[in-house]
Amino acid sequence: MADTQRPLSPHVQIYKWQVQMTTSIVHRATGVALAVGTLLVVAGLLHLAAGEASYAHFKEIAGSPPGLILLFGWSWALFYHLCNGVRHLLQDAGFGFEIAQFVRSSWLSIVASIVLTVLVWAYVLMHGGAA
Amino acid sequence: MSARDVVVKDRRNALKIARGLGSSQSGVGHWWTQRVTAAALVLLGLWFVATVLCLLHADYATARATVARPWNALLLIAFVLAMFWHAVLGLQVVIEDYVHTRWKEVVLLVAIKFLAVLGALASVLAVLRIALTP
C-alpha cells in the first residue's frame, strides 16, 4: 500500500465485471508467471550442457507429477500471454477498438489459449506421455 | 523567419530544451522495446514450443545434437535474449505499479535486471557450450 496519506481512487471491486478486466489482469499474472518460468528454460539448457546424467535428472524432475502440473500451467500461461499479446499488438496498431470487438477479441484470446494448450497436451499424450 | 515564429514553434520551457528531456527523446523507448520483443517472441516462442515437443522423448545425444545445429543454436540464443528482455520490461511495469515504497521498488528493479542478465548469460553460455564442443 502507498506510504502517502492521499485519498485512493475506486479499485476493481467497485466496478461491474467485464471480460476485458479479466483478460487484462490475467495477461499481467501470466506475464509474471512466465517470468518465473524463464528459470526453467535456463535450467534445461544448463542441464543439457552439463552432461547426460544431469540432463536425465532434469527430465526426471520435469516429468514428475508436480513438474507436469507446473509445465501444464506454464504452457497455458504461455499460450494465453501469446494470444492476448497478439491481440494487444493489433490494438496498438489501431485495430479492434469498438466495444463489441474488444469483448469478442477478449473471449477469442481465452478460447484460443485453451485450444492451443489442449492441442499441445493431446500431442504429448498421443506420443506416450511426458514422463 | 521572425523571432515570433520561433516562439510559436517551440512552447517548451527554455530549461527543458536545454536539458534535452522533451517528448520523444526516450519516453516511448520502454513501450516500443516491449512491443518489438513481443513481436519477436511470437515467432521465436512458437518455434521454441515446436522444438521442445520434437525433443519430447529424444535421448541425450539427439537433444544435444538438435540444439547444436547452427540454426537451432542461433534461434535459441535469440529466443532467450528476447525472452529475458521482454520479461524485465514487463516485471518493471508491475513493480512500478504495485510497489509504493521507494527503496523496495528500486531494490526490486535492480534485482530483476541482475537476475535477467545472469539468466541470459548463463543460457547463452550453455547453448554455446553445446554448439561448440563436439
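Rules behind the numbers
- Residues numbered from 1 in each chain as written.
- Chains lettered and ligands numbered in written order.
- Predicted model: local features only at pLDDT ≥ 70, side-chain atom pairs only at ≥ 80, totals over all residues.
- Heavy atoms only, no water.
- Helix = DSSP H or I, 4+ residues; strand = E, 2+ residues; numbered from the N terminus.
- Expected span 1.5 Å × (residues − 1).
- Buried < 20%, exposed > 50% of the residue type's maximum accessible area, 1.4 Å probe, protein only.
- Contact = heavy atoms within 4.5 Å.
- Buried area = accessible area lost by both parts, 1.4 Å probe.
- Salt bridge = Lys/Arg side-chain N within 4 Å of Asp/Glu carboxyl O.
- Polar contact = N/O pair within 3.5 Å; in protein donor to acceptor, adjacent residues only side chain to side chain.
- Phe/Tyr/Trp six-rings, centres within 6.5 Å; stacked < 30°, edge-to-face > 60°.
- Lys NZ or Arg CZ within 6 Å of the ring centre and 35° of its normal.
- Core = buried A, V, L, I, M, F, W, Y, C linked by side-chain atoms within 4.5 Å.
- Axes fitted to C-alpha atoms, helices over the stretch in contact; angles between N-to-C directions.
- Parallel < 35°, antiparallel > 145°, perpendicular 65-115°, else oblique.
- Nonpolar A, V, L, I, M, F, W, Y, C, P; charged D, E, K, R; others polar.

Q: Which residues make up helix α3 (residues 29-54) of chain B, and what values do they have?
A: Helix length check: α3(B) (26 residues) gives 37 Å between terminal C-alpha atoms against 38 Å at 1.5 Å per residue, within 8%. For α3(B), the complete set of buried residues consists of B:Q34, B:T37, B:A38, B:L41, B:V42, B:L44, B:G45, B:W47, B:V49, B:T51 and B:L53. On its buried face, α3(B) sits against α3 (65-92) and α4 (99-126) of chain A together with α5 (70-98) of chain B.

Q: Can you break down the interface of chain A and chain B residue by residue, with the values?
A: Often, the extent of an interface is quoted as the loss of accessible area on bringing the components together. The partner chain B presents 38 residues to the 32 residues of chain A that form the contact. When the buried surface of chain A facing chain B is broken down by residue, A:R28, A:L45 and A:L48 rank first, second and third, together holding 21% of it. Our enumeration of links across chain A and chain B arrives at two salt bridges. The partner of A:R28 in a salt bridge is B:D97, and the shortest N-O contact between them spans 2.7 Å. Linking chain A with chain B are nine residue pairs in polar contact (both at pLDDT 80 or more).

Q: Could you give an account of the environment of B:L89, naming the residues involved and the relevant values?
A: Residues and elements named next belong to chain B. Relative to the elements of secondary structure, L89 occurs in helix α5. Residue L89 is classed as buried on the basis of its relative accessible area, which comes to 8%. Sequence separation between L89 and Q34 is 55 residues, and the spatial gap between their C-alpha atoms is 6.4 Å.

Q: Give a detailed account of the packing of aromatic side chains, specifying residues and quantitative values.
A: Residue and element names in this part refer to chain A. Evaluated as defined, the whole model comprises six aromatic pairs over all chains. Each ring, one from F97 and one from F102, has its centre 6.4 Å from the other, and the planes form 40 degrees; the classification is tilted. When the ring centre of F102 is taken as reference, the NZ or CZ atom of R87 above it lies at 5.0 Å.

Q: So, the environment of B:V99: which residues are in play, and what are the values?
A: As for its placement among the helices and strands, B:V99 is situated in the loop between α5 and α6 (102-132). Once you skip the residues sitting within four places of it in the chain, B:V99 turns out to touch B:K104, B:E105 and B:L108.

Q: Any details on the nonpolar core? Residues and values, ideally.
A: A:L45, A:L48, B:F79, B:F84 and B:V127 are the most contacted members of the largest nonpolar core, which has 30 residues in total. For this core, the secondary-structure elements that each account for two or more residues are α1 (19-50) and α2 (52-63) of chain A together with α3, α4 (60-68), α5 and α6 of chain B. No other element matches the nine residues that α5(B) contributes to this core. Formed by nine residues, the second largest nonpolar core is a distinct cluster that contains A:L82, B:V42, B:V49 and B:L53.

Q: Could you give an account of the side chain of B:T37, with specific residues and numbers?
A: Residue and element names in this part refer to chain B. With respect to the element layout, T37 can be found in helix α3. Judged by relative accessible area, which is 6%, T37 ranks as buried. Among the polar contacts made by the side chain of T37, one reaches the main-chain carbonyl oxygen of T33 at a distance of 2.8 Å. Excluding residues within four positions of it along the chain, T37 makes contact with A82, W85, H86 and L89.

Q: Tell me about the pattern of salt bridges, residues and numbers included.
A: One pass over the structure, following the stated rule, counts three salt bridges over all chains. Between A:D92 and B:R35 there is a salt bridge, with its nearest N and O atoms 2.8 Å apart. One end of the pair, A:D92, is in helix α3; the other, B:R35, is in helix α3, on a second chain. Owing to a relative accessible area of 24%, B:R35 belongs among the partly exposed residues under this scheme.

Q: I'd like a rundown of the packing of α4(B) against α6(B), residues and numbers included.
A: When two helices pack together, you describe them by how their axes are tilted relative to each other and by the distance separating the axes. All names here are of chain B. Between α4 and α6, whose axes approach to 8 Å, the crossing angle comes to 105 degrees. The angle between α4 and α6 falls in the class roughly perpendicular. Note on element contacts: α6 touches α4 through V127, R129, I130 and A131, opposite R64, V67 and A68. Tallied by class, residues from the contact of α4 with α6 come to five nonpolar, no polar and two charged.

Q: Describe the packing of α4(B) against α5(B), listing the residues and the values that go with them.
A: All names here are of chain B. One way to put it is that α4 packs onto α5 with a least axis distance of 5 Å and a crossing angle of 75 degrees. Relative to α5, the element α4 is oriented roughly perpendicular. Contacts from T66, V67 and A68 of α4 reach α5 at P70, N72, A73 and L76. Taken together, the residues of the contact of α4 with α5 sort by class into five nonpolar, two polar and no charged.

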